[in-house]
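Given next are the chains, with one letter for each unit.
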Amino acid sequence: MTPEEDIVSTRDIFIRTKQHKWPILAFICGVVLTLVIVVPLIVSTSSSSEKDDKTDYECSLRFDRKSTHSLLFLSDDNTVMANSFSEETPNAVIHPEQLNTYKGTIGDKWLTNTSKIYFEINFSYEFVSSLRNNSRTLVIEVGVTSRKEIDNSFYAGDIGWSFLILNCFYYICLTAKNMMSNTREQLKVMSLGNTGGTAATGRLGFFINMNRGEFSVIDKDTLKILYTFKKVVSVDQLRLAFGIYNPALVEAKLEIMYSYDFTSLSIINVIA
């Protein structure tokens, strides 16, 4: 094509565009309005549907106030527990039914043989002094154990099934612990170092499926199941257990973020 032909062609397109200016503008406006109105509506409807689905299974898991050890502190709504007084956790507990040996509390819901409960815990800790490298100093714990026997032990893994954050020689790790099956398995390094000032925060998911006798911990960073206890059964009534230890060495906190009861669903495990 010669330069002259190119000029004519471009001019011809310009003339045709000018002639059909209003239909073209109307079409463009229609597309823009569709994007502005319809797309957000679809997204909103989808988000609302997902939210409604979750809301259907929400359950208000809380720390049981009356069972909480006297050395621990709770938030007003019983969703945060710490081993130090703060504006967030101002409530010490004095109650005739509180635990005296186990440095923690239980969940406020009984576990039946069909329970399927998923919940997430935010944890944080900071060491106020250094630990001995060869110690097994406990920091925090989430477990399942007998309500009848829980106060006969210092931690739930002695008589039940426990996921513990503790000192592992010179670093802090997450460990699965069950004395009955002689289980002690390191799952994840939570922070390097165990000296004063070492601090960490994070979130873990937990799923208890009593229908299958399983208790799992989920790594929220990778969305992978780190470990699943099998044969979680007992002749005693079971409860969730939450422990926080060694206030002279570490300031620690547990917070229940949210929980869902999937008992009515035929699911095996949850990664959320």
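From a predicted model like this one, the values you see are computed outputs, not experimental measurements. (Residues numbered from 1 in each chain as written. Predicted model: local features only at pLDDT ≥ 70, side-chain atom pairs only at ≥ 80, totals over all residues. Heavy atoms only, no water.)

(A) Seen up close, the pairing of strand β5 (residues 116–127). With 10 of 12 residues buried, β5 lies mostly within the body of the structure. Bridge count for β5 against strand β10 (residues 199–209) is 11 bridges, and the pairing is antiparallel. What sits directly across from Asn 122, in β10, is Arg 203. Across 11 bridges, β5 lies against strand β14 (residues 250–261) in antiparallel orientation. Pairing of Phe 127 across the sheet is with Val 250, part of β14. (Buried < 20%, exposed > 50% of the residue type's maximum accessible area, 1.4 Å probe, protein only. Helix = DSSP H or I, 4+ residues; strand = E, 2+ residues; numbered from the N terminus. Pairing = 2+ DSSP bridges.)

(B) The arrangement of the nonpolar core in detail. By size, the foremost hydrophobic cluster in this structure holds 44 residues, and its most contacted members are Tyr 125, Phe 163 and Phe 215. Of all the elements, β5 adds the most residues to this core, at 6 residues. Listed in part, the 14 residues of the second largest apolar core include Ile 150, Ala 156, Leu 164 and Cys 168. (Core = buried A, V, L, I, M, F, W, Y, C linked by side-chain atoms within 4.5 Å.)

(C) The arrangement of the sheet that holds β5 in detail. In spatial order, the strands read β3-β1-β2-β14-β5-β10-β11-β12; together these 8 strands make up an open sheet with antiparallel pairing. Looking at strand neighbours, the two that pair on one side only are β3 (91–92) and β12 (224–229), the edges of this open sheet.

(D) Main features of the environment of Val 80. Mapping Val 80 onto the fold places it in strand β2 (residues 80–82). Sequence separation of Val 80 and Lys 253 is 173 residues, and the distance between their C-alpha atoms is 7.1 Å. Setting aside chain neighbours within four positions, we find Val 80 in contact with Phe 63, Phe 73, Leu 74, Ser 75, Glu 88, Thr 89, Lys 253, Leu 254 and Glu 255. (Contact = heavy atoms within 4.5 Å.)

(E) The side chain of Thr 145, seen in detail. In this structure, Thr 145 sits in strand β6 (residues 138–146). If near-sequence neighbours (up to four positions away) are discounted, Thr 145 is found in contact with Ile 150, Ala 156, Ile 159, Gly 160, Gln 237, Leu 238, Arg 239 and Ala 241.

(F) Geometry of the packing of aromatic side chains. According to the stated counting rule, one finds 18 aromatic pairs in the structure shown. Ring plane angle 80° and centroid distance 5.0 Å describe the contact between Phe 63 and Phe 242, whose orientation is recorded as edge-to-face. On the criterion of sequence distance, the pair formed by Phe 63 in the loop between α2 (21–57) and β1 (73–74) and Phe 242 in strand β13 (residues 238–244) is long-range, its members being 179 residues apart. Here the two residues Phe 63 and Phe 242 agree in accessibility, since each one is buried. Its guanidinium or amino end placed over the ring of Trp 110, Arg 239 lies 4.0 Å from that ring's centre, counting from NZ or CZ. (Phe/Tyr/Trp six-rings, centres within 6.5 Å; stacked < 30°, edge-to-face > 60°. Lys NZ or Arg CZ within 6 Å of the ring centre and 35° of its normal.)

(G) Spatial organisation of the state of the cysteines. Applying the stated criterion to the full structure yields 1 disulfide. Between the sulfur atoms of Cys 168 and its disulfide partner Cys 173 the distance amounts to 1.7 Å. Judged by its relative accessible area of 0%, Cys 173 is buried. (Disulfide = S-S within 2.5 Å.)

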